[in-house]
Structures are given as structure tokens and as C-alpha cells.
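# Chains, contacts and geometry: an overview
If you want the building blocks of each chain, they are given just below.
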Amino acid sequence: MTTETRPVVVAPSAALDPAALKADFPILDQEVFGHPLVYLDSAATSQKPLPVLAAMDEYYRRDNANVHRGIYQLSERATAAYEGAREKVARLIGAPDPRTIIWTRNATEAINLVAYSWGRRNINRGDVIVLTEMEHHANLVPWQILAQEKDADLEFIPITDDGVLRQDVFDVLLRLKPKLVAFTHVSNTLGTINPVVEMTRKAHEAGALVLVDGAQAVPHLPVDIAEIGCDFYAFSGHKALGPTGSGVLWGRRELLEAMPPFMGGGDMIREVHLRRSEWNELPWKFEAGTPDISAQIGLGAAADYLLGIGMDNVRAHEQELVAYALETLPREVPGIELYGPSADQRGGVVPFNLPGIHPHDVAQVLDRFGIAVRAGHHCTMPLHERLDLAATARASFQVYTTLEDIDALAAGLKEVQTLFAG
Ligand code: C6P
């Protein structure tokens, strides 16, 4: 039986009802060019549920004051909400100690923090850092800057044509005794879920530290830092149903203790004299200046929301969506090219191309039907080079994505083909 004629077999994920959850996301209840909005760009940023909006609203309406500074009710309430959010996020990723959760603006800042603070102290001339061909620029450029400054070497784990990391080559690269291995948990472009536990174990056996970019993992699957065993884990809040401006670096406590501050200023100090200062304890040593208080409070609410649904249920739902998309799109949209591994090996991301039509044109026409997808290189230019693709279009999912959204995408793509055939 060919892919075209195979019936769609997807088990419904009983524990999660995306149509009901949609009601929690007011932004989704709108029309675009006269069509109901079909939002398929959650890998770029997710939409925000009512509890997140409410938590931020409450902070600004009732508690707005700076944190850790005022000895008065508003500041105490703001501080309690801000620090409480740290505990919620620690629960979401299985971090045993909330003081090892460092607030950042996003995953990019979290990775840069490690590159500047740990990297500048520990990477020397000739040292090797191992990355992969599928990294987002956020987990590539900071290491390029560091390697150029320190005259260190970057090595890359290649991918197969299906977008899976070549573990055999990783094993060979580990013989170079790298100081650091940094890789994404889930690829933002292909959706590949990398074997983080096994890769971390192998890297540690070779004497390397491990940084995992979890920007596309935390929003979509159960993440347990303790089980992964890595040394640093970075992610953005805005992809995990939280607000923009919220992000996290988790680090192993003894490493964070030994690292110098990334930025200097208020709140990150214990004592300041004219010619020297003493640093605050964790996590505040890395949080100079007034933080994005409402954003981190919103992220705490997002963590509660996701935990309330259950990350196993989120993962099961996205697996169902990916399986459905991988079956439906080739059947309904003749000639469509799909990239990436099988549904069981990928998160909620489906990149594609319609031969002969630029993905920007595809996205623009889809927009006229109310369908939002991303088109371009998705901040993974080296990965696109490796796959010999100038660009791709990408549909990406979240808890509120339904099978009907994928049907709408298929119908929209047929319209694109008709338009460009004419
Ligand atoms: N990927 C996408 O559309 P920031 O911008 O710091 O919130 O996230 C950076 C980042 C880091 N790692 C991975 C794996 C990512 O996917 C992203 C962001 C978005 O795919 C925007 S380019």
C-alpha cells in the first residue's frame, strides 16, 4: 500500500481535548481575512492561556513594585510571586533546587550567559567544543564568538538525510576530549528529538560538560533535568505558553557557584565598595538590574498550566498531530516534500516545501486563508545548507492545535498549488 492510499490511523489522545483548551486562548478566537485563524507557528512563539494573562494582569493591577527591595506589602507580594514562579518552573523541569533556576530574557540569553561566564573562564586555546549541524543560531553563534576569541576549535556532529544525529561520528568526536558538548534537545526546524540522556552520558564519560538547548523541548514533552544529567539547560518562556521576556538557564549548582557574574549592577551584589564588590548568592548573582518581573510571574503560571495538563499528555497529543500531518499532507497535497524523521522521533514540527513555489509565497497565500506558518531558514542556516535547501515552510503545534487545523493546512496548500498552476 502506498503512502497516498494508506488510511489514516491515529489513536485519539483521550487525556487532552485541544478544542476545549482552545477556549483558554482568547487570541485564537478571531478571523483573519474572513477565515477562522489557524495558528501553526507555535515553535516561533506559543499563544498564552488565560491563567498566564491573569497572573500578569494581577501583578500590574495589585502588586506592581520592584522585587527584593521594598519593605512594604506590594514589594513583598511582588517578590513572593516572582520567587514562587521560580519554584513552579523548577517543578516543570524536575530541577531539585529552585536556586539553580536563573531567570533570563530567553534561551538566547541563557546560552550567552554560559558562553561568556563559564566559557571565558574555562575555554582556552586549542580546546574543542562539540556542537551539531542542526543547532539554532542561538546555540551556534555564541560558541563561534568564544572560539574566535580563545582560538578554540568547533566540531560538529553531522545529521543523516532524515535529520537524525550521527551517533557514530559523535563517538569519534568525543575522542578529541572536548571541554563542552552543546546540542539541542529538539530541533526547531526538523523536530528531531535527540537522545539527550545517552548523549550526556557519553559526553561525561569523555570528560566534557553538557549544555542542552531545551527551547523546543520544555513546551512539548516531559523534561527531567535530573534524569538527563546535563550541566546546563536553557529555554525560553514564550514558546512554553509564557510571556516574551521570560527565560531560564538551569545550571548545576557547583558550576554556577564557581562562575563569575555575566553582568554587574544592582541585585547581583552582596556588598559594594568603591574598588571591589562581593557577589550575591544564587540565583541573584546572575540577575543584575530590575528583571522582567511580570514575565517571570507569567511563566510560573504557564508552568502550572502545562503541569495541570500533564506533559505526557502534551507529548501524546503532539505525536498524534505529527502522525496525522505526515499521513494527510502527502495524500492531500500531491508533490509536497516533507523533511525530518518519523513521528515517534519528532516533536510537533513539520517542515515542508511545494516544489517550484518559494516558501515565502506559500506562507503569504496561506495567510490569506487565515493560516499562519513560518517560512525561511528558521535561524538554522547551516542545517538548510546541509539539506541543500534555500528555505522551508514550517507548521508547528501546541496543546491547542487540532486535527482540523491540519486539514485546513492541507486545503490551504491545495489552494496555493491551484493558484501557482494557473
Ligand atoms: N526558535 C523558531 O521559530 P529565543 O529567540 O532566545 O527565544 O529562542 C532561541 C532558540 C533557541 N533554540 C531553539 C531550538 C529555538 O527554536 C529557538 C527559537 C524560533 O524556531 C525563533 S527563531
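Structure: above.
Everything numeric here is computed off the predicted structure, so don't read it as measured data. Going along each chain's sequence as written, the residues are numbered from 1 onward. Residues qualify for local features only when their pLDDT is at least 70, as the model is predicted, and side-chain atom pairs are given and counted only at 80 or more; totals for whole chains, interfaces and linings, by contrast, use all residues. Computation of side-chain values covers all heavy atoms of the structure but excludes hydrogens and water.

Attention now moves to the overall build of the chain. Runs of E in the DSSP output that reach at least two residues are strands. Runs of H or I that reach at least four are helices, and both are numbered from the N terminus. What the chain contains, in helices and strands, is 14 helices and 17 strands. Relative to the compact-globule value of 22 Å for 422 residues, the chain shows a C-alpha radius of gyration of 22 Å, a close match. When the backbone C-alpha atoms are referred to their principal axes, the chain occupies close to 75 × 55 × 35 Å. Any residue under 20% of the maximum accessible area for its type is buried, any over 50% is exposed, and the rest in between are partly exposed; the area is computed with a 1.4 Å probe on protein chains only. Taking all 422 residues of the chain together, 56% fall into the buried category. In what follows, a contact means two residues having at least one pair of non-hydrogen atoms within 4.5 Å. A separation threshold of at least 6 residues defines the contact pool for the chain, and within that pool the share at least 24 residues apart is 72%. All accessible areas in this document rest on Shrake-Rupley with a 1.4 Å probe, and a residue is counted as covered only by the protein chains that are shown. For the chain, the computed accessible surface area is about 17300 Å², with 53% contributed by carbon and sulfur atoms. With 37 positive and 55 negative side-chain charges, the chain shows a spacing of 7 Å between the two charge centroids. For the radius of gyration, the atom set is restricted to C-alpha positions; the globular benchmark scales as 2.2 Å times the number of residues to the power 0.38. We treat Lys and Arg as the positive residues and Asp and Glu as the negative residues; His and chain ends play no part in the count. Note that the charge is assigned to NZ on lysines, CZ on arginines, CG on aspartates and CD on glutamates.

So, about the site of the ligand. By nearness alone, 18 residues border the ligand, and Thr108, Asp213, Ser236, His238 and Arg374 come closest of all. Between the ligand and Ala107, the relevant distance is 3.4 Å, taken from an oxygen atom to a main-chain nitrogen or oxygen of the residue. Here a polar contact is recorded for every N or O atom pair within 3.5 Å, except that within protein the pair must consist of a potential hydrogen donor and a potential acceptor, and residues adjacent in sequence are included only if both atoms are side-chain atoms. A distance of 2.9 Å separates a nitrogen atom of the ligand from a polar side-chain atom of Lys239. For the ligand, whose free accessible area comes to 510 Å², the fraction covered by protein is 90%. Points on a 1 Å grid, built from protein atoms alone, make a cavity when a 1.4 Å probe fits but cannot get out and make a pocket when they are open with protein on both sides within 12 Å along at least 5 of 7 lines; residues with an atom within 4 Å of a point are the lining residues. Put plainly, a molecule is in a cavity or pocket when over half of its atoms are within 2 Å of the grid points there. Counting atoms within 2 Å of the grid points, the majority share of the ligand lands in the largest pocket. Just so you know the grouping, Ala, Val, Leu, Ile, Met, Phe, Trp, Tyr, Cys and Pro go in nonpolar, Asp, Glu, Lys and Arg go in charged, and all remaining residues, Gly too, go in polar. Here the shell around the ligand is composed, by residue class, of 6 nonpolar, 8 polar and 4 charged. An automatic or database domain assignment provides the domain bounds reported here. Split by domain, the shell around the ligand shows at least three residues from each of two domains, domain 1 (18–39 + 310–421) and domain 2 (55–308). The near set for a molecule or strand comprises every residue that places at least one heavy atom within 4 Å of it.

As a further point, take the sheet that holds strand β14 (residues 349–353). In short, DSSP must find at least two bridges between two strands for them to pair. Read across the open sheet, the 4 strands follow the order β13-β14-β17-β16; overall the sheet is antiparallel. Either end of the sheet is taken by a strand with one partner, and the two such strands are β13 (337–338) and β16 (374–376). Note on geometry: axes are C-alpha line fits, over the in-contact stretch for helices, and angles between N-to-C directions span 0 to 180 degrees. The sheet strands contacting helix α12 (residues 359–368) are β14, β16 and β17 (392–396), and the helix crosses β16 at an angle near 160 degrees.

This brings us to the packing of aromatic side chains. Planes of paired rings set the category: under 30 degrees apart is stacked, over 60 is edge-to-face and the rest tilted, where pairs are Phe, Tyr or Trp rings (Trp by its six-membered ring) whose centres lie within 6.5 Å. With the rule as written, the count across this model stands at 5 aromatic pairs. Aromatic pair Tyr82 and Trp103: ring centres 6.2 Å apart, planes at 55 degrees, arrangement tilted. Taken as a pair, Tyr82 in helix α3 (residues 73–92) and Trp103 in strand β4 (residues 101–104) lie far apart in primary sequence, 21 residues in all. Each member of the pair, Tyr82 as well as Trp103, is classed as buried. Each member of the aromatic cluster is reached from another via a ring pair, and the members are Phe25, Tyr305 and Tyr400. Two limits define a charge over a ring: the Lys NZ or Arg CZ must be within 6 Å of the ring centre, and within 35 degrees of the ring normal. Over the ring of Phe33 we find Arg368; its NZ or CZ atom is 3.9 Å from the centre of that ring.

Glancing now at the layout of surface pockets. Grid points are joined across faces, edges and corners, and a volume is the space filled by probe spheres set on the points. Estimated volume of the largest pocket: approximately 240 Å³. Of the residues assigned to the lining of the largest pocket, the class counts are 8 nonpolar, 8 polar and 4 charged. Residues lining the lining of the largest pocket come from more than one domain, with at least three contributed by each of domain 1 (18–39 + 310–421) and domain 2 (55–308). One number sums up the size of the second largest pocket: a volume of about 200 Å³. What lines the second largest pocket is a set of 17 residues, and nearest its centre among them are Trp103, Thr104, Arg105, Glu109 and Pro291. Counting residues per element, the ones that place at least two in the lining of the second largest pocket are β4 and α4 (107–122). Of the residues that constitute the lining of the second largest pocket, the class distribution is 8 nonpolar, 5 polar and 4 charged.

What follows deals with the nonpolar core. We define the nonpolar core as a collection of buried residues of types Ala, Val, Leu, Ile, Met, Phe, Trp, Tyr and Cys that are connected through side-chain atoms lying within 4.5 Å of one another. One finds Ile93, Ile101, Tyr233 and Val399 to be the most contacted residues of the largest nonpolar core, which totals 72 residues. Of the residues forming this core, the biggest block, 9 residues, is contributed by helix α10 (residues 293–309). Two domains each provide a minimum of three residues to this core, namely domain 1 (18–39 + 310–421) and domain 2 (55–308). Each residue touching Val399, except ones within four places of it in the same chain, is listed here: Leu16, Pro18, Leu21, Phe25, Leu241, Ile309, Val314 and His317. In terms of nonpolar packing, the next biggest core, distinct from the first, is built from 30 residues, Ala325, Ile336, Leu354 and Val362 among them.

To continue, consider a nonpolar patch on the surface. A cluster of nonpolar side chains, namely Tyr116, Val141 and Ile145, defines an oily patch on the protein surface of about 210 Å² accessible area. Relative to the helices and strands, Val141 is located in helix α5 (residues 141–150). The patches reported here contain residues having more than 30% relative accessible area and no salt bridge. Joining distances are 9 Å for like charges and 5 Å for nonpolar side chains (Val, Leu, Ile, Met, Phe, Trp, Tyr). A pair is scored as a salt bridge if a Lys or Arg side-chain nitrogen falls within 4 Å of a carboxyl oxygen belonging to Asp or Glu.

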